[in-house]
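Okay, here's what each chain looks like letter by letter:
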Amino acid sequence: MRKEDTVKLISAEGFEFVIDKEAAMVSQTIRNMLTSPGSFAETEHGEVTFPEISTVILEKICQYFYWSLQYARGKETEFPIEPELTLELMMAANYLHT
């Protein structure tokens with residue numbers, strides 16, 4: 001996989017998730033960050049840092065991106081969410097427009 005086909009998402013603790021760009025584009029916020037005209041760091045480097053999103057939540061969000069792509073392609077499965085993550089995950093999803 002080429003570097004142009006991936007995106008690096010960085011959590012508040014500095015953990016890096018390298019995921020397919022197609023999966024990251026599930027988020028309207030990330031899509032806007034990566035495709036905005038101009039020379040923004042996110043666009044140039046293919047990296048987005050989320051200083052307010054913890055590693056655990058960002059990992060779950062990345063899982064959701066891939067699940068969402070599969071669901072859109074007709075594979076209907078449940079997306080499990082641990083109850084203790086619900087509130088923080090909802091806040092992150094609201095920010096990311098997912």
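Relevant structure appears above.
Given the structure is predicted, the values throughout are model-derived calculations rather than measurements.

## Here we look at the nonpolar core
Then, in step 1: Counting residues in hydrophobic clusters, the biggest one holds 23 residues, and the most contacted among them are Leu9, Ile30, Phe50, Ile53 and Ile61.
Then, in step 2: Ranked by residues supplied to this core, first place goes to helix α4 (residues 55-72) with six residues.
Then, in step 3: What Phe50 contacts, discounting residues up to four positions off in sequence, is Leu9, Ile10, Ser11, Ala12, Ile30, Leu58, Tyr95 and Leu96.

## Topic: the packing of α4 against helix α5 (residues 86-96)
To describe two helices that pack against each other, one gives the angle between their axes and the distance between the axes.
Then, in step 1: Direction vectors running N to C along α4 and α5 enclose 60 degrees, while the axes themselves pass 10 Å from each other. As judged from the angle between their axes, α4 and α5 are oblique. Read as a crossing pair, α4 and α5 show a hand that is right-handed. Here Ile57, Lys60 and Ile61 of α4 lie close against α5, whose contacting residues are Glu88, Leu89, Ala92 and Leu96.

## Quick word on the environment of Tyr66
Then, in step 1: Structurally, the position occupied by Tyr66 is in helix α4.
Then, in step 2: A residue is classified by how much of its surface remains accessible, and Tyr66, at 31% relative accessible area, is partly exposed.
Then, in step 3: As for Tyr66 and Gln28, which are separated by 38 residues in sequence, their C-alpha atoms are 15 Å apart.

## Quick word on helix α2 (residues 28-35)
In an α-helix, one full turn covers 3.6 residues, which means residues spaced three or four apart are oriented alike.
Then, in step 1: Among all positions in α2, only Thr29, Ile30, Met33 and Leu34 are buried. The buried side chains of α2 occupy one side of the element, clustering within an arc of 125 degrees when seen end-on.
Then, in step 2: Looking at the buried positions of α2, the neighbouring elements they touch are β1 (6-10), α1 (21-24), α3 (41-45), β3 (47-49), α4 and α5.
Then, in step 3: Residue Ser27 occupies the N-cap position of α2, its side-chain oxygen lying 3.3 Å from the main-chain nitrogen of Thr29.

## Here's the deal with the packing of aromatic side chains
Then, in step 1: Under the defined criterion, the tally for this structure stands at six aromatic pairs.
Then, in step 2: Grouped by ring-pair contacts, the aromatic residues Tyr64, Trp67, Tyr71 and Phe79 constitute a single cluster.
Then, in step 3: The ring of Phe79 carries Lys60 above its face, with NZ or CZ at 5.1 Å from the centroid.

## A look at the pattern of salt bridges
Then, in step 1: Enumeration over the complete set of coordinates arrives at four salt bridges.
Then, in step 2: Here Glu47 ties to Lys8 by a salt bridge, and the two come within 3.6 Å at their closest N and O atoms. Taken together, the residues span a long stretch of sequence, with Glu47 in strand β3 and Lys8 in strand β1 at a distance of 39 residues.
Then, in step 3: The exposure class of Glu47 is partly exposed, given its relative accessible area of 30%.
Then, in step 4: Glu82 is the partner of Lys60 in a salt bridge, and the nearest nitrogen-oxygen pair spans 3.4 Å. Note that Lys60 is positioned in helix α4 and Glu82 in the loop between α4 and α5, a separation of 22 residues in sequence.
Then, in step 5: Salt bridges here are not isolated pairs; linked through shared partners, they connect Lys8, Glu16 and Glu47.

The rules we used
Residues numbered from 1 in each chain as written. Predicted model: local features only at pLDDT ≥ 70, side-chain atom pairs only at ≥ 80, totals over all residues. Heavy atoms only, no water. Core = buried A, V, L, I, M, F, W, Y, C linked by side-chain atoms within 4.5 Å. Buried < 20%, exposed > 50% of the residue type's maximum accessible area, 1.4 Å probe, protein only. Helix = DSSP H or I, 4+ residues; strand = E, 2+ residues; numbered from the N terminus. Contact = heavy atoms within 4.5 Å. Axes fitted to C-alpha atoms, helices over the stretch in contact; angles between N-to-C directions. Parallel < 35°, antiparallel > 145°, perpendicular 65-115°, else oblique. Left-handed = near helix turned anticlockwise from the far one by under 90°. Arc of directions from axis to C-beta. Polar contact = N/O pair within 3.5 Å; in protein donor to acceptor, adjacent residues only side chain to side chain. Phe/Tyr/Trp six-rings, centres within 6.5 Å; stacked < 30°, edge-to-face > 60°. Lys NZ or Arg CZ within 6 Å of the ring centre and 35° of its normal. Salt bridge = Lys/Arg side-chain N within 4 Å of Asp/Glu carboxyl O.

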